[in-house]
Each structure stands twice: as structure tokens, then as C-alpha cells.
Amino acid sequence: MAIFSFLDRAHTVAKPGYSRWMVPPAALCVHLCIGQAYAFSVFNLPMTKLLGITQSTPGDWKLTELGWIFSIAIFFLGVSSAVFGRWVEEGGPRRAMFTAALCWAGGFFISAFGVSIHNLWIVYLGYGVLGGIALGIGYISPVSTLIKWFPDRPGMATGMAIMGFGGGAFIASPLSVWLMGIFKTQHHVGVAPTFIVLGAIYFVFMMVGAIIVRVPAPGWAPEGYKPPAQAKKLISNNDVFVYDALKTPQFWLIWWVLCLNVTAGIGVLGQASAMSQEMFPGHITPVAAAGFVGLMSLFNMGGRFFWASTSDYIGRRNTYFVFMVLGFVLYCLVPYTGSVGSVVGFVCAFLIIISMYGGGFSTVPAYLKDMYGTRYVGAIHGLLLTAWSMAGIFGPVLVNYIREYNVTHGVPKAQAYNTTMYIMAGLLVVGFICNFLVKAVDARFHMKENENDIRGAAGARA
Amino acid sequence: MTTAKQGTTSFQLLLAWGFVGIPLVLGVLQTLINAMKLFQ
């Protein structure tokens, strides 16, 4: 439709003089909004009291039922980034950001309706399905654009955007609590109007990103930048078509590297509060544990920028080697910190671990760019995010069930996590081997000169 | 001052970075204040 032509990739090509430093804030506009997902838990308790207002009544939703909202959203993040990755790549960042804004705001509005008529299935559909689709499309929408604008520092560029996803919760959490406080009355807890206001704010914020984002003109390069005449061992100058990437062993090796790195981090991230209190009874209070969780979130965000930027200097594969080796050492040390009662050692170990968890997310787009070129990196990244969905199941299951098993078999609570820590360290050994096996992509998968246009046109017609 | 002739101005850059940076910095500060409870 003509009125939506401003969303086309052709209308987002930057004019001479456009500063590439406008693109990271455009990407952050989207990532800071969808990063709200990490703060969704602030709604869990209020949503268990929608009928009872001051306390839960028999008809109210249970925490276990509410937990599915986030799980469905993360599942659809993986599905939508894999399914829509090519469409995002070929349609351009503005169309993708606009679609993500519509879905994200729409998800909040539908959920507000679900809350107001007390129908949990509508909330699953709204925040879970539609919001999850927005998460997937929004997450990958600026990745390849940033890589094209920053060929000299691709890790730093994608690190900035993905840092926003980790930082979104810092804004969403206090904002949501403040809004619920304003809308709360004697007759309702204020969740539905908070969803409506958040949906409206996020839509505007994301649209600002969609408006200011630009793609570089063909052949554009940063001033003074000279692309390497000869490809380095693990940095390709050639593009690989999105579905051909799936046929390469490198894709699956990196898939496992990401999955194992995320599994190792996501399990402890969700259980950090309980784990710290149980491992150091009397030393870490619930209030201190909340502070620890906040500190972990900061390192999760900071690690995204730090490690991705570092990878520009030491290389992507070496960065993941650091994650695997350092992570292995730290996971093995955690039980020792518990046995000697070293709170400082425990906190430092987990802060570094969680920074590498964030770093794993932010370094992987540049890793894929090195392997498969820039043409379809966003779409390939979308396919790779299914590893995140898988890790989202593995990680918490490993931590929770092994702890439960140990406790029921008489292991003291302070030592109930030791087995899990050693298993996490073992997973990182497997990740190390996968990373070690990553070699340059075989030349037969490289796209030919005119293949780019033919496949692109086919994609546009599809 | 402009970054290039008829291109992005420094004011536009400041506006764009402030738009995302101010809420993020406020959120980070709030989290840091809460995190300090770990050391009390």
C-alpha cells in the first residue's frame, strides 16, 4: 500500500551527511522497550490479586499459571525471529521496527483487555503470542543495519543495541510499579490501565527508532575505513544465503555454543536470590539478595557491551573461548566459596559469569557476520535464537530439579547447588569443544555475484 | 556545528542519545541504589 511506502528499505537509504551514530539510539529505542520482558515479573503478584484486590481469592490466577506468560513470549521470540528473519532482512529495519511496535503495543492492549475481563487465555495471546512475535522481530531488526554501518567495529555496534535489551528492565520495572501505584484503587489493582499506558509509551518510543533509522547507501564505508583486501582465517568477505547457512556445520556448532553459554547463565539468573540466601544462610538477607539480583542485571547489561566490544580486538572465537574457560573455572569455584563462607568470592564469581551470559548474546551477531557475511546476517541470527528458547527450558530445569532432588535426598540446602555448578562447568567444556571445531565456511556455500539479486528478488515476491 | 554539510547536526545526535540515554541512566542509578543494600 502506498501509504506504507515510507517503511520500505528504499525509503530508508541514508543521504550523504547522515551520521552513523544516529543508528545505535534508533536500535536502542526498540531494544529498551522489548527489554521490558525481563521485568514482567513485577506484574505477577498484582495479577494474583485481580479479584481479591488485597489478597488472592480462590478464583484468582496462580503464580504457576502466570509464569506461562513469560515462557510463551520467549518461545515465540525464538519462533518469530526464525520465521520472519528473512522478511526482516529483505524488508529493511524500518518496516521491521514498525511491525514490532504494532505487535508490542497490541500485545499490551490485548492483555489489558484480558486482565479487565479476567481471562488468562487472552493475556497468553496478547503478551505471550503477539508480544513474543514483537520480541523476535524487534530483537533482530537493527542487527544487520548496525553491522553495515559499523564494519570497523561490528561487535561494539551490536553490543550497544543488545545491551539495551538487558537494560530495558531497569526502566520498565520502576515505571510499572509507579504506574500501578497511580492507577490502584479500592476496586482494582491497576494492572489493566498500566498495560494500556505502557503499550502507548512503548509504541511512541519504538516509532521514534523506526523514523530515525537509516540503512547505508550501497558502497558506503566509514571515512578512512579500508576493508581488508584478503579475508582473514575466520572473517569472510563472502555472503552466505540464509537457508544455506543451515547446511553448514558452523551454524550448528555456534548454535550449541550459544545454547550452552545461555543455559549456564539463565538457570542461575532466575534462581540467584534463593540460591544466595540458601548458600549463605544468615549472611545474605532477602533485602541483600534483591540487591545481588540488581547487581547481576547491571553486569548482564554491561557485559553485553564490554564483551562484544572486546571481541572486535581479540576475535569472536577467542571471546567465546574466554567465556568457556573462565566460566568453567568460576563454576567450579562457587561450591568452594560456599564451603568457606566467602560472600565476596560468591558474588564476584556470579557477576563475571552473568556478564559472560550477556556477552554471549551480544557477540554472536558479529560471529555470524564473520562466518556468513553481512547480507543475511540478521536472518541467520534469527534462526540461531532458537538456541535461546531451548536454553530457556534447559537452564532453569537443571538448577531447579537438581536442587530439589538433592534436598529431598538429605543434602543440606547450602550444598544443594554444588552438583548443578559442576554440571554447568561440564556444559561449558562441551561448549569449548564446539567452539574449537568452528572453522571457516566452505567456499561452495558462498553466494555468487548475481545470486544476491536473484534470491533477493525472489524473496521480495514471496 | 554539523557532522557534515546538510547532514546530521550535533543537536540531533544529542537529542537522539538523550532520548534513550536519560531513562536508561535513571534506571541504572535506581538499580545501583537498590544493589547497595547487598553491602549494608
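What you see is a predicted model, and the numbers here were worked out from it, not measured in a lab.

**Points about the overall build of chain B**
Consideration 1: A count of helices and strands for chain B gives one helix and zero strands.
Consideration 2: Out of the 40 residues belonging to chain B, those deemed buried represent 20%.

**What to know about the overall build of chain A**
Consideration 1: Helix and strand counts for chain A come out as 17 helices and zero strands.
Consideration 2: What you see for chain A is a C-alpha radius of gyration of 22 Å, in line with the 23 Å of a compact globule of 462 residues.
Consideration 3: With the principal axes as the frame, chain A shows a C-alpha extent of 65 × 50 × 35 Å.
Consideration 4: Taking all contacts inside chain A whose residues are at least 6 apart in sequence as the whole, residues at least 24 apart take part in 83%.

**Details of the nonpolar core**
Residues and elements named next belong to chain A.
Consideration 1: Residues Ala100, Trp104, Met206 and Ile380 are the most contacted members of the largest nonpolar core, which totals 153 residues.
Consideration 2: Top element by residues in this core is helix H13 (residues 343–372). It accounts for 15 residues.
Consideration 3: Counting the residues that make up this core, at least three belong to each of domain 1 (21–218) and domain 2 (242–445).
Consideration 4: When near neighbours in sequence (up to four residues on either side) are disregarded, Met206 contacts Cys29, Val30, Cys33, Met97, Ala100, Ala101 and Trp104.

**Overview of the interface of chain B and chain A**
Consideration 1: Counting residues at the interface gives 23 residues for chain B, matched by 25 residues for chain A.
Consideration 2: Residue classes in the side of chain B that touches chain A are distributed as 13 nonpolar, eight polar and two charged.

**Some details on the domain arrangement of chain A**
Residues and elements named next belong to chain A.
Consideration 1: Taken domain by domain, chain A holds domain 1 (21–218) and domain 2 (242–445).
Consideration 2: Using only C-alpha atoms to locate each centre, domain 1 and domain 2 end up separated by 23 Å.
Consideration 3: Taken together, the 28 residues of domain 1 in the interface contact 30 residues of domain 2.
Consideration 4: Of all elements in the fold, only helix H3 (63–91), helix H6 (143–149) and helix H7 (154–183) reach the threshold of two or more residues within the side of domain 1 that touches domain 2.
Consideration 5: Residue classes in the side of domain 1 that touches domain 2 are distributed as 15 nonpolar, nine polar and four charged.

**Some details on the packing of H7(A) against helix H11 (residues 286–314) of chain A**
Residues and elements named next belong to chain A.
Consideration 1: One can describe the packing of H7 onto H11 by two numbers: an axis separation of 8 Å at closest approach and a directional angle of 175°. If you check the angle between H7 and H11, you find them roughly antiparallel. Contacts between H7 and H11 involve Gly155, Met156, Thr158, Gly159, Met160, Ile162, Met163, Gly166, Gly167 and Ala169 from the former and Ser297, Asn300, Met301, Arg304, Phe305, Ala308, Ser309, Ser311 and Asp312 from the latter.
Consideration 2: Grouping the amino acids of the contact of H7 with H11 by side-chain chemistry returns eight nonpolar, nine polar and two charged.

**Some words on unusual backbone geometry**
All names here are of chain A.
Consideration 1: Even without a glycine there, the phi angle at Ile53 is positive, about 60°.
Consideration 2: Residue placement: Ile53 occurs in the loop between helix H2 (44–47) and H3.
Consideration 3: Phi at His118 takes a positive value of approximately 55°, unusual for a residue other than glycine.
Consideration 4: Position of His118 among the secondary structure elements: in the loop between helix H4 (93–116) and helix H5 (120–140).
Consideration 5: On the neighbour-count criterion, His118 (15 C-beta atoms within 10 Å) is partly exposed.

**Side note on the environment of A:Tyr124**
Residue and element names in this part refer to chain A.
Consideration 1: Position of Tyr124 relative to the elements: it lies in helix H5.
Consideration 2: A count of 20 C-beta atoms within 10 Å places Tyr124 in the buried class.
Consideration 3: When the C-alpha atoms of Tyr124 and Ala440 are compared, they prove to be 42 Å apart, with 316 residues separating the residues in sequence.
Consideration 4: Contact partners of Tyr124, with chain neighbours within four places excluded, come to Trp68, Ile69, Ile72 and Val129.

**Details of the confidence of the model for chain A**
Consideration 1: Per-residue confidence for chain A averages 89 on the pLDDT scale, and 95% of its residues sit at or above 70.
Consideration 2: Between residues 457–462 of chain A, whose pLDDT stays under 50, and residues either more than four places distant or in other chains, the model counts three contacts.

**What to know about H11(A)**
Residue and element names in this part refer to chain A.
Consideration 1: Spanning 29 residues, H11 covers 40 Å between terminal C-alpha atoms, matching the ideal 42 Å at 1.5 Å per step.
Consideration 2: Of all the bends in H11, the greatest, near 30°, is centred on Gly303.
Consideration 3: Phi turns positive, to about 95°, at Gly315, one or two residues after H11.

**A few points about H4(A)**
All names here are of chain A.
Consideration 1: Given a rise of 1.5 Å per residue, 24 residues ought to cover 34 Å, and the 34 Å separating the end C-alpha atoms of H4 matches this to within 8%.
Consideration 2: Burial runs high along H4: 19 of the 24 residues are buried.
Consideration 3: Where H4 ends, the next residue or the one after it, His118, has phi of about 55°, a positive value.

Parameters and conventions
Residues numbered from 1 in each chain as written. Chains lettered and ligands numbered in written order. Predicted model: local features only at pLDDT ≥ 70, side-chain atom pairs only at ≥ 80, totals over all residues. Helix = DSSP H or I, 4+ residues; strand = E, 2+ residues; numbered from the N terminus. Buried ≥ 20, exposed ≤ 12 C-beta atoms within 10 Å, placed from the backbone. Rg over C-alpha atoms; globule rule 2.2 N^0.38 Å. Contact = placed C-beta atoms within 7 Å. Core = buried A, V, L, I, M, F, W, Y, C linked by C-beta atoms within 7 Å. Domains from an automatic or database assignment. Nonpolar A, V, L, I, M, F, W, Y, C, P; charged D, E, K, R; others polar. Axes fitted to C-alpha atoms, helices over the stretch in contact; angles between N-to-C directions. Parallel < 35°, antiparallel > 145°, perpendicular 65-115°, else oblique. pLDDT = per-residue confidence, 0-100. Expected span 1.5 Å × (residues − 1). Bend = angle between axes of the 7 residues up to and from the residue.

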